[in-house]
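Survey of secondary and tertiary structure
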Amino acid sequence: MRSRCQLTDEAAAIAEELGGVTLLRDHGGGFSSLTVQLHRISAENHAGDPLAALAAARTISLKALPSVERRSRALGDIAVTYDRLGRRSDCVRTLLAAERCAPEETHARPATKSLISSLLVSGPTSTEFRGLAERSGVLL
């Protein structure tokens, strides 16, 4: 049985071989090396390896993403990585950057709201971060 890492590496090799973006029916971003790396960030976080997630995040250019909503979502996943690494200030900074990219996406995404809620009760918060929590409906 192949591991998730082997499967993701295989997907990355296929994407590289195809070059560019292969558009898929009913899939807004298509299939590319970039989308494989975005998947890798999330997969490594879920598998409990935030260092591998951070390594994957460092290989992507947010400006290459097709929409501000997708950039915001990627930043949200990167914020989760920082949280899992205990890098609170990087996590908060990244959440605020996600909000600047696409406020509605950031405010509505359940995973982001859960992370914001967790950060509110686990340590010191700034006025700017409490504002994000309020705008996201987490701090009422």
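Use the structure listed above.
Our subject in this report is the structure included herewith. Just so it is clear, the structure is predicted and the values come from calculations on it, not from any experiment. (Residues numbered from 1 in each chain as written. Predicted model: local features only at pLDDT ≥ 70, side-chain atom pairs only at ≥ 80, totals over all residues. Heavy atoms only, no water.)

1. What to know about the overall build of the chain
This is how the line gets drawn: Per the convention used, a helix needs a DSSP run of H or I reaching at least four residues, while a strand needs a run of E reaching at least two, with both numbered from the N terminus. When a residue's accessible area, from a 1.4 Å probe over protein chains only, is under 20% of the maximum for its type it is buried; when over 50% it is exposed; and in between it is partly exposed. Residues are treated as being in contact if the distance between any of their heavy atoms lies within 4.5 Å. Computed with a 1.4 Å probe, the accessible areas rest on the Shrake-Rupley method; for each residue, only the protein chains presented here act as cover.
Scanning the chain from terminus to terminus reveals eight helices and two strands. Overall, the chain shows an N-to-C arrangement of helices and strands of α-β-β-α-α-α-α-α-α-α. Evaluated residue by residue, the chain yields a buried proportion of 37% over its 140 residues. Excluding contacts between residues fewer than 6 apart, the proportion of contacts in the chain whose partners are at least 24 apart in sequence is 48%. Of the accessible surface of the chain, which amounts to about 8,100 Å², a share of 55% is contributed by carbon and sulfur atoms.

2. Things to note about the nonpolar core
Going by this rule: In plain words, nonpolar cores are sets of buried Ala, Val, Leu, Ile, Met, Phe, Trp, Tyr and Cys residues tied together by side-chain atoms within 4.5 Å.
Core analysis: the biggest nonpolar cluster contains 24 residues, and Leu-38, Ile-41, Cys-91, Leu-95, Leu-115, Leu-119 and Phe-129 have the highest contact counts within it. Secondary structure elements with two or more residues in this core: α2 (33-46), α3 (50-57), α4 (68-84), α5 (88-101), α7 (110-122) and α8 (127-135). With five residues, α4 is the single largest residue contributor to this core. Those residues in contact with Leu-38, other than ones at most four positions away along the chain, are Ile-60, Leu-65, Arg-70 and Ala-74.

3. Notes on the pattern of salt bridges
What counts here: Counted as salt bridges are all cases of a side-chain nitrogen of Lys or Arg within 4 Å of a carboxyl oxygen of Asp or Glu.
Scanning all chains against the criterion turns up four salt bridges. Note that Asp-77 is salt-bridged to Arg-109, the shortest N-O span being 3.0 Å. One end of the pair, Asp-77, is in helix α4; the other, Arg-109, is in the loop between α6 (103-108) and α7, with 32 residues separating them in the sequence. Here Asp-90 and Arg-93 are joined by a salt bridge, their closest N and O atoms 3.0 Å apart. Linking Asp-90 with Arg-93, this pair stays in helix α5, spanning three residues, or about one helical turn. One network of salt bridges, with partners in common, ties together Arg-87, Asp-90 and Arg-93.

4. Quick notes on the packing of α3 against α4
Convention followed: Here the axes come from fitting lines to C-alpha atoms, over the contacting stretch only for helices, and the angles between their N-to-C directions go from 0 to 180 degrees. Under this scheme an angle from 65 to 115 degrees is roughly perpendicular, one under 35 degrees roughly parallel, and one over 145 degrees roughly antiparallel; angles in between are oblique. Throughout, a crossing is termed right-handed when the near helix is turned clockwise from the far one, and left-handed when it is turned anticlockwise from it by less than a right angle.
Contact pair α3 / α4: the axes reach a minimum separation of 9 Å and the direction vectors enclose 140°. When the interaxial angle is binned, α3 and α4 end up oblique. The handedness of the crossing between α3 and α4 is left-handed. Contact with α3, carried on its side by Pro-50, Ala-53, Leu-54 and Ala-57, involves Ile-78, Thr-81, Tyr-82 and Arg-84 of α4 and no other residues of that element.

5. Some remarks on the environment of Leu-132
By secondary structure assignment, the location of Leu-132 is in helix α8. For the pair Leu-132 and Ile-116, spaced 16 residues apart in sequence, the C-alpha to C-alpha distance is 8.3 Å. For Leu-132, the contacting residues outside a window of four places in its chain are Leu-95, Leu-96, Glu-99, Thr-106, His-107 and Ile-116.

6. Some words on the side chain of Thr-112
Of note, Thr-112 is situated in helix α7. For Thr-112, a relative accessible area of 6% gives the class buried. In this structure Thr-112 touches Leu-95 and Thr-106, once residues within four positions along its chain are discounted.

7. Description of α5
The test is simple: Given the number of residues in a helix, its expected span is that number minus one, multiplied by 1.5 Å.
An ideal rise of 1.5 Å per residue puts 20 Å on 14 residues; α5 measures up with 20 Å between its terminal C-alpha atoms. Among the residues of α5, those classed as buried are Asp-90, Cys-91, Val-92, Thr-94, Leu-95, Leu-96, Ala-97, Ala-98 and Glu-99. Contacts made by the buried residues of α5 are with α4, α6, α7 and α8.

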